[in-house]
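The chain contents come next:
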Amino acid sequence: MDDDRRQGAVLTHIIRTVAETGSTNADMLMLARGGAQEGLWLRAERQTSGRGRQGRVWTSAEGNLYASTLVRLRAIDPQAATLALVAAIALEEVVRAYLPSFSLPGGTVIKWPNDLLLDGAKLSGILLERADDAVVIGIGVNLAHHPESLDRPATSLAAHGVTPMPEDFLDTLATAFERWLAIWRNEGLAPIRARWLDRAHPVGTALTARLPDGSAIDGLFAGLDSEGALILRLADGTSRVIHAADVFLI
Ligand SMILES: O=C(O)CCCC[C@@H]1SC[C@@H]2NC(=O)N[C@@H]21
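Residues numbered from 1 in each chain as written. Predicted model: local features only at pLDDT ≥ 70, side-chain atom pairs only at ≥ 80, totals over all residues. Heavy atoms only, no water.

Named according to an unreviewed UniProt entry, the chain is biotin--[biotin carboxyl-carrier protein] ligase originating from Sphingomonas oligophenolica. The UniProt entry for the chain carries this comment under Catalytic activity (unreviewed entry): "biotin + L-lysyl-[protein] + ATP = N(6)-biotinyl-L-lysyl-[protein] + AMP + diphosphate + H(+)". (UniProt positions renumbered as here; feature names shortened; annotations may be inferred.)

Written out as structure tokens, the structure is:
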């Protein structure tokens, strides 16, 4: 195991790297229960049981980023679920920086709550899990390769001409996350929400939300509520607030 410590006036994260594990989220949940401190990141070169949202498998062969961190919630923090927005805007910022002359028609778009789309295809996934007062945030980014899927098109940075080393990418990401986390903590949800809305599909985008019970709701994106939940404007003019769903752009 390799520890990369960045402790100075500004940077306080620690990145621990392993060659292989089942799931960095599962490991980080155990570390969180054992008292691990905020700022710790665990990266695996590959995962054998990578976990996705809604119980899906996250295929985790070498070359991509698989990493998890934890946030220890404090009494005055915004709602824990809004850490999904923090992670998404930090990741979008880093991806943009890796694509400086980026000119694809679709651009980078955050899709609720925290997927990053590149030219309409999924580049990354973020999974939040809870262990007592800790929120574990797992991030997978397709750097070198991506799964082939017809119903959920995916892409990678490599497919767009740039293949960062996972360790370099994570170092930049951990720094960006730390900065946005401090804003979330010190200034509240408003600047996070504003940045997320600026980098997400525009208000009025047609979306389908597939709910955990299997039902689907079509509507137009109408913003986020104060907890970061999705607001959909339905065809009958009413609004629906959605806290958990798989969302598709239609
Ligand atoms: O389904 C999604 O979109 C979320 C995928 C999250 C994958 C990451 S990879 C690192 C961390 N460890 C896991 O087992 N899952 C997350």
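Now that the structure has been shown, we can carry on.
Enquirer: Would you mind going over the overall build of the chain with me for this structure?
Expert: In terms of regular secondary structure, the chain is built from four helices and 13 strands. Here the C-alpha atoms of the chain give a radius of gyration of 17 Å, agreeing with the 18 Å that 2.2 N^0.38 yields for 250 residues. With respect to the principal axes defined by its C-alpha atoms, the chain has extents near 55 × 45 × 35 Å. Taking all 250 residues of the chain together, 52% fall into the buried category. Taking as baseline every contact in the chain between residues at least 6 positions apart, the subset at least 24 positions apart corresponds to 62%. Only carbon and sulfur atoms are counted for the fraction: they give 53% of the accessible area of the chain, which is about 11,300 Å². Taken as two groups, the 24 positive and 30 negative side-chain charges of the chain have centres that lie 3 Å from each other. (Helix = DSSP H or I, 4+ residues; strand = E, 2+ residues; numbered from the N terminus. Rg over C-alpha atoms; globule rule 2.2 N^0.38 Å. Buried < 20%, exposed > 50% of the residue type's maximum accessible area, 1.4 Å probe, protein only. Contact = heavy atoms within 4.5 Å. Areas by Shrake-Rupley, 256 points an atom, 1.4 Å probe, with all protein chains shown as cover. Lys, Arg positive; Asp, Glu negative; His and termini not counted. Charge placed at Lys NZ, Arg CZ, Asp CG, Glu CD.)

Enquirer: How do you make sense of the site of the ligand when you look at a structure like this?
Expert: In the vicinity of the ligand there are 20 residues, among which Ser-23, Gln-47, Arg-51, Arg-53 and Lys-122 approach most closely. The contact in question runs from an oxygen atom of the ligand to an N or O atom on the backbone of Arg-53, over 2.7 Å. Between an oxygen atom of the ligand and a side-chain N or O atom of Lys-122, the distance comes to 2.6 Å. Look at the ligand: alone it shows 420 Å² of surface, and the protein chains cover 99% of it. Taken atom by atom, the bulk of the ligand overlaps the largest pocket. (Near = heavy atom within 4 Å. Polar contact = N/O pair within 3.5 Å; in protein donor to acceptor, adjacent residues only side chain to side chain. 1 Å grid on protein atoms, 1.4 Å probe; cavity = no way out; pocket = protein on both sides within 12 Å on 5 of 7 lines; lining within 4 Å. Sits in = over half its atoms within 2 Å of the grid points.)

Enquirer: Which parts of the structure should I look at to understand the confidence of the model for the chain?
Expert: For any part of a model where pLDDT is low, the fine detail of the predicted coordinates should not be relied upon. Looking at the chain as a whole, its pLDDT mean stands at 92, while 92% of the residues score no less than 70. Reported confidences for the modelled complex are a pTM of 0.93 and an ipTM of 0.99. (pLDDT = per-residue confidence, 0-100.)

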